[in-house]
Structure formats: structure tokens, C-alpha cells
Amino acid sequence: GQNIDQPTEMTATEGAIVQINCTYQTSGFNGLFWYQQHAGEAPTFLSYNVLDGLEEKGRFSSFLSRSKGYSYLLLKELQMKDSASYLCAVVNAGNNRKLIWGLGTSLAVNP
Amino acid sequence: GAVVSQHPSRVICKSGTSVKIECRSLDFQATTMFWYRQFPKKSLMLMATSNEGSKATYEQGVEKDKFLINHASLTLSTLTVTSAHPEDSSFYICSASPSSGRPLNEQFFGPGTRLTVL
């Protein structure tokens, strides 16, 4: 079956670093996305990993280990505006362009 | 670039009426568009995959006769909620996947449509 696990909720302090983990078990793998979604808004693209390793983009970094079925999103220098839901999505094998979505991690950044 | 618009952003209708939601890719062509619904504090639920020029592929449990999807061009897909009922009230979000030039399967999301059925 297809399964993606993320923690439901996390809390962190402004200025700190937080790591959001995502583990997946899918019948195929063709890349992993991280999206950010603020309440009442549509998701926005954060990162894409298809090869093992760390992708850094400003305050946000994403890591992938295909052998472990594991990814994490690292947020540095947290700001209040980073309070949002973070969604992990896996590209299944094949070319139907469909993503398999995790349930999302709700991050609360406190002063 | 890669902007997706959705219209209307908010709609309130009476039970039994039909509502059409438009999803447009403004600066790219999208062979494939996706329709999701999302309940408060829940993750995205894929309803159907819309392919230009062909019938949509619906996910299990989604009624194709109730949620009509038309993808008539490479920049426009529409979702019509027919005979809407209060339980259809939700946040409907579309996304578009560029035909070329981007990571395979990257999806760009529209701003969503908040449907309230009275």
C-alpha cells in the first residue's frame, strides 16, 4: 500500500531551528516534494528532492534518503510567519503526475 | 511564472443548485490538472485527475456524475458540483502540472474556492 507519515503537530520558538520528518512507503518513487500551506490558502512549493542528499534554499533545506524511505524539511531562523502546515508528497512511479500526500505537519512558532 | 488562478474564490449557494469552478494556468500549458478538496485542518484529498482532451480519472469514492470535470484546453479545467448539498461545503483547490520544463509532476496550486451550501 501507499503510506506517508509525518508528525501531526510541532511547536518551536522564534529564531530556533526545527526539523520536520517524513517517512514513506510507496510502490514506486520518482521524487518527493515539500509544500507549505497557510490556513485558508493553497499550498506553495518549497522543495523537490529526487536524489539522496541535502538541498538548501535559503532558510529552508530538504534532505532525502531513498534507501530509508525518509525525508526531512529543516527550517532555520524561524519566524512567526513560518507558522503553517507543511505537506510531504511523493511522486509515485509512472507518468500519471499524481502525488501521494501526507496528512501534513502543523507548525506553531511562538515568540 | 507558473501562476494558477481559480474562480470564484468564494461561493455561497442554495441546496440543489449547481456550481462551476474554473481553474486556469495563466502563463504555462498544463496537460494535467488536479482537483482536490480539503476539510478544515485536514490534508488535501485528491478528487480527480483531469487530462486535456480526455475524460477525467476519478479517485475511489468520488462520484463522477456529481463532480463533473471538463478540461477543454491546455490552460483551463472546470469542476461543476451538481445538485450541491450542505455536505459538499468545503475548500476546493485545483493544481496544474506544466507540460514541460519543470521537475516531473511539480504541481502549482490555485488559490482555492470556498464553497458553502446552505
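Details of the structure are given in the entry above.
Residues numbered from 1 in each chain as written. Chains lettered and ligands numbered in written order. Predicted model: local features only at pLDDT ≥ 70, side-chain atom pairs only at ≥ 80, totals over all residues. Heavy atoms only, no water.

Q: Please explain the interface of chain A and chain B as it appears in this structure.
A: The parts lose accessible area when they come together, and the size of an interface is often stated as this lost area. Contacts between the two partners involve 21 residues from chain A, matched on the other side by 23 residues from chain B. Buried surface at the junction of chain A and chain B, both sides included, amounts to about 1700 Å², of which 55% is carbon and sulfur. Our count for the chain A to chain B interface comes out at four residue pairs in polar contact (both at pLDDT 80 or more). Secondary structure elements with two or more residues in the side of chain A that touches chain B: strand E4 (32-37), strand E5 (44-49), strand E9 (84-91) and strand E10 (99-101) of chain A. For the side of chain A that touches chain B, the element with the most residues is E4(A), which contributes three residues. Of the residues in the side of chain A that touches chain B, the class split is eleven nonpolar, seven polar and three charged. (Contact = heavy atoms within 4.5 Å. Buried area = accessible area lost by both parts, 1.4 Å probe. Polar contact = N/O pair within 3.5 Å; in protein donor to acceptor, adjacent residues only side chain to side chain. Helix = DSSP H or I, 4+ residues; strand = E, 2+ residues; numbered from the N terminus. Nonpolar A, V, L, I, M, F, W, Y, C, P; charged D, E, K, R; others polar.)

Q: Before we go on, may I ask you to explain the nonpolar core in this structure?
A: Nonpolar side chains in soluble globular proteins tend to be buried together. If you look at the biggest cluster of nonpolar residues, it comprises 26 residues, and the most contacted ones within it are B:Phe67 and B:Leu115. Secondary structure elements with two or more residues in this core: strand E2 (10-13), strand E3 (19-25), strand E4 (30-38), strand E5 (45-51), strand E7 (67-73), strand E8 (76-81), strand E9 (90-98) and strand E11 (113-117) of chain B. Among the nonpolar cores identified, the runner-up in size contains 21 residues, and A:Ile4, A:Tyr24, A:Trp34 and A:Leu64 belong to it. (Core = buried A, V, L, I, M, F, W, Y, C linked by side-chain atoms within 4.5 Å. Buried < 20%, exposed > 50% of the residue type's maximum accessible area, 1.4 Å probe, protein only.)

Q: Help me understand the sheet that holds strand E7 (residues 60-65) of chain A, please; the structure alone is not making it clear to me.
A: Hydrogen bonds along the backbone pair up the strands of a sheet, which may run parallel or antiparallel. Residue and element names in this part refer to chain A. Sheet architecture is open: five strands sit in the order E1-E3-E8-E7-E6, paired in antiparallel fashion. Taken across any chain shown, the strands that pair with only one partner, and hence form the sheet edges, are strand E1 (3-5) and strand E6 (53-57). Averaged over neighbouring strand pairs, the angle between their axes works out to 15° when direction is ignored. Across six bridges, the pairing between strand E3 (residues 18-25) and strand E8 (residues 70-75) is antiparallel. In the strand pairing of E8, Asn21 is matched with Tyr72. (Pairing = 2+ DSSP bridges. Axes fitted to C-alpha atoms, helices over the stretch in contact; angles between N-to-C directions.)

Q: Any chance you could explain empty space enclosed by the protein here in plain terms?
A: All names here are of chain A. Taken as a whole and judged by the stated rule, the model has one cavity of 30 Å³ or more. When its volume is computed, the largest cavity comes out at roughly 30 Å³. In terms of lining, the largest cavity is formed by Leu46, Ser47, Glu55, Lys57, Phe60, Ser61, Ser62 and Leu73. The set of elements that each furnish at least two residues to the lining of the largest cavity consists of E5, E6 and E7. A per-element tally of the lining of the largest cavity places E7 first, with three residues. Of the residues that constitute the lining of the largest cavity, the class distribution is three nonpolar, three polar and two charged. (1 Å grid on protein atoms, 1.4 Å probe; cavity = no way out; pocket = protein on both sides within 12 Å on 5 of 7 lines; lining within 4 Å. Points joined across faces, edges and corners; volume = space filled by probe spheres on them.)

Q: Whenever I open this one, the state of the cysteines confuses me. Can you help?
A: In a disulfide, the sulfur atoms of two cysteines are held together by a covalent bond. In this structure the tally under the stated criterion is two disulfides over all chains. Shown here is the disulfide that connects A:Cys22 with A:Cys88, its sulfur atoms set 2.0 Å apart. Here the disulfide of A:Cys22 and A:Cys88 is left-handed, its torsion about the S-S bond being about -65°. Within this pair, whereas A:Cys22 is found in strand E3, its partner A:Cys88 is found in strand E9, the two being separated by 66 residues in sequence. Here the two residues A:Cys22 and A:Cys88 agree in accessibility, since each one is buried. Disulfide pairing places B:Cys23 opposite B:Cys94 at an S-S distance of 2.0 Å. Disulfide B:Cys23-B:Cys94: torsion about the S-S bond near 80°, hence right-handed. Within this pair, whereas B:Cys23 is found in strand E3, its partner B:Cys94 is found in strand E9, the two being separated by 71 residues in sequence. There is no disulfide at B:Cys13, and the cysteine sulfur nearest it, in B:Cys94, is 18 Å away. (Disulfide = S-S within 2.5 Å.)

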